[in-house]
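A closer look at the structure
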Amino acid sequence: MKRISIGILSLMVSCLAIGQENEQNSLGAEIDKLSYDWDLEAENLNSYDGLSKFCVDKDYRISVIELLNDIHHYDSVLYDRLTKASRFNKDKEIEKTLKEISKFETGYSLKEFIHFLHGECTTRSDIEKHSAESKNDIGSNSYDGQVYIVETELNKFIKHITKRVDHIRDHVHHLHIK
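In this report, the structure presented in the accompanying data block is examined. (Residues numbered from 1 in each chain as written. Predicted model: local features only at pLDDT ≥ 70, side-chain atom pairs only at ≥ 80, totals over all residues. Heavy atoms only, no water.)

**Some remarks on the overall build of the protein chain**
- Each helix and strand counted, the protein chain has eight helices and zero strands in total.
- Along its sequence from the N terminus, the protein chain presents helices and strands in the succession α-α-α-α-α-α-α-α.
- Taking as baseline every contact in the protein chain between residues at least 6 positions apart, the subset at least 24 positions apart corresponds to 76%.
- Looking at the protein chain as shown, the accessible area adds up to about 11500 Å², and 55% of this sits on carbon and sulfur atoms. (Helix = DSSP H or I, 4+ residues; strand = E, 2+ residues; numbered from the N terminus. Contact = heavy atoms within 4.5 Å. Areas by Shrake-Rupley, 256 points an atom, 1.4 Å probe, with all protein chains shown as cover.)

So this is what it looks like as structure tokens:
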């Protein structure tokens, strides 16, 4: 009976080890995939129409938030892995990657993203509510002017997120993380 218990225990430990190894081996591939997915999504979000879809379509909003949540999750996994590696290896690429992840996690966290887009959705709602009046206005008070201002702010924010995500992916490639 003891042999069976030890055999089952060692089989479970082996399965866990293989699962962790597969997870670690796929970290680079998962970061690549998520970066690519974000690049596609960022294109959609960069326009007033994309913002409108985000604000109005609950399923779309949830999918974008889940994507960014996944990106932050895998960046955290990478951060933990590189922090452990940096104890034994003083590679400058590891240090750069850790700094890049820190910048991303502090300035462009999921909470910051949701807060920013909530503000943009509120502004968008106000623009749409007063669109009949502002269509005849000229300059920045016009409907087109207000849309332009919203798109400019939106583009800036999305571009910063995309830049961070792409930099982290590039570091993963330089470090040859699988």
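**A word on the side chain of H171**
- Assignment of secondary structure puts H171 in helix 8 (residues 143–174).
- Once residues within four sequence positions are removed from consideration, H171 is found in contact with E93, K96, T97 and E100.

**A few points about unusual backbone geometry**
- Residues other than glycine seldom take positive phi values, yet H176 does so here, at roughly 55 degrees.
- For H176, the position within the fold is in the segment after helix 8.

**Some thoughts on the environment of S76**
- Mapped onto the secondary structure, S76 falls in helix 4 (residues 58–86).
- Judged by relative accessible area, which is 32%, S76 ranks as partly exposed.
- Considered as a pair, S76 and I101 are 25 residues apart in the sequence and their alpha carbons are 7.9 Å apart. (Buried < 20%, exposed > 50% of the residue type's maximum accessible area, 1.4 Å probe, protein only.)

**Some details on the state of the cysteines**
- For the coordinates displayed, the defined rule picks out one disulfide.
- Paired through a disulfide, C55 and C121 show a sulfur-sulfur distance of 2.0 Å. The sign of the -90 degrees torsion about the S-S bond sets the C55-C121 disulfide as left-handed. Of this pair, C55 sits in helix 3 (residues 48–56) while C121 sits in helix 6 (residues 110–129); the two residues are 66 residues apart in sequence, bridging distant segments of the chain.
- For C55, a relative accessible area of 18% gives the class buried. (Disulfide = S-S within 2.5 Å.)

**Digging into the side chain of R124**
- Residue position: R124 is located in helix 6.
- Within the buried core, R124 has no salt-bridge partner, and the shortest N-O distance to an opposite charge, that of E128, equals 5.2 Å. (Lys, Arg positive; Asp, Glu negative; His and termini not counted. Salt bridge = Lys/Arg side-chain N within 4 Å of Asp/Glu carboxyl O.)

**Digging into the packing of aromatic side chains**
- If you walk through the whole model with that rule in mind, you get six aromatic pairs.
- When the centroid spacing of 6.5 Å and the interplanar angle of 80 degrees are considered together, the rings of Y48 and Y143 count as edge-to-face. Note that Y48 is positioned in helix 3 and Y143 in helix 8, a separation of 95 residues in sequence.
- For Y143, a relative accessible area of 15% puts it in the buried group.
- Relative to F157, the ring of Y108 has its centre 5.5 Å away and its plane inclined at 55 degrees; by these criteria the two rings are tilted. Of the two residues, Y108 is situated in the loop between helix 5 (92–107) and helix 6 and F157 in helix 8; the sequence distance between them amounts to 49 residues. (Phe/Tyr/Trp six-rings, centres within 6.5 Å; stacked < 30°, edge-to-face > 60°.)

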